[in-house]
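Chains, contacts and geometry: an overview
Take a look at the letters that make up each chain.
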Amino acid sequence: IDPACKTIVKMKLTVALACLPVAAAFVAPAPAGASVKVQETKADLEALAVKLNPVVGFYDPLGLADADFWGRGNEYTIGWLRHAEIKH
């Protein structure tokens, strides 16, 4: 192989290897798994509402505390709604 060709190959290899650490900076970290599961019931929500705002107390005009989304239970629905409330 021609010496000039070897030089070009070495330069391309050097540039490619120099770009590897930079590319690793753009890789998203693995998401952390949830380690704590909170199961709240309607009674827990009522107690918390009275504690946090004794004037209004528990106010659920849509009846979402009694809902059962996706057939997974009332505690799951409450947890899902609380998560959505915090997230948004």
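Remember, predicted model here, so these are calculated numbers, not experimental data.

Tallied over the entire structure, the rule returns three salt bridges. The partner of arginine 82 in a salt bridge is glutamate 40, and the shortest N-O contact between them spans 2.6 Å. Taken as a pair, arginine 82 in helix H3 (residues 74-87) and glutamate 40 in the loop between helix H1 (3-24) and helix H2 (42-52) lie far apart in primary sequence, 42 residues in all. The class for glutamate 40 is buried, based on a relative accessible area of 19%.

Once that is clear, we can look at a nonpolar patch on the surface. A surface patch of nonpolar side chains, about 390 Å² in accessible area, is lined by Val55, Val56 and Tyr59. By relative accessible area, valine 56 is classed as exposed at 52%.

Take the packing of aromatic side chains next. Per the stated rule, a full pass over the model turns up four aromatic pairs. Ring geometry for tryptophan 70 and tyrosine 76: centres 6.3 Å apart, planes at 85°, overall edge-to-face. What makes tryptophan 70 exposed here is its relative accessible area of 56%. Here tyrosine 76 falls in the partly exposed class, since its relative accessible area comes to 32%. Judged by centre distance (5.0 Å) and plane angle (70°), the rings of tryptophan 70 and tryptophan 80 are edge-to-face. Here tryptophan 70, found in the loop between H2 and H3, pairs with tryptophan 80, found in helix H3; they are 10 residues apart in sequence, far enough to count as distant. Among the aromatic residues, those joined into a cluster by ring pairs are Phe69, Trp70, Tyr76 and Trp80. Positioned above the aromatic ring of tyrosine 76 is the side chain of arginine 72, whose terminal nitrogen or guanidinium carbon lies 4.2 Å from the ring centre.

What follows deals with the side chain of glutamate 40. A polar contact is formed between the side chain of glutamate 40 and the side chain of arginine 82, at a distance of 2.6 Å. Residues contacting glutamate 40, with those up to four places away along its chain left out, are Leu45, Glu75, Ile78 and Arg82.

Calculation notes
- Residues numbered from 1 in each chain as written.
- Predicted model: local features only at pLDDT ≥ 70, side-chain atom pairs only at ≥ 80, totals over all residues.
- Heavy atoms only, no water.
- Salt bridge = Lys/Arg side-chain N within 4 Å of Asp/Glu carboxyl O.
- Helix = DSSP H or I, 4+ residues; strand = E, 2+ residues; numbered from the N terminus.
- Buried < 20%, exposed > 50% of the residue type's maximum accessible area, 1.4 Å probe, protein only.
- Patch = residues over 30% accessible without salt bridge, like charges linked within 9 Å, V, L, I, M, F, W, Y side chains within 5 Å.
- Areas by Shrake-Rupley, 256 points an atom, 1.4 Å probe, with all protein chains shown as cover.
- Phe/Tyr/Trp six-rings, centres within 6.5 Å; stacked < 30°, edge-to-face > 60°.
- Lys NZ or Arg CZ within 6 Å of the ring centre and 35° of its normal.
- Polar contact = N/O pair within 3.5 Å; in protein donor to acceptor, adjacent residues only side chain to side chain.
- Contact = heavy atoms within 4.5 Å.

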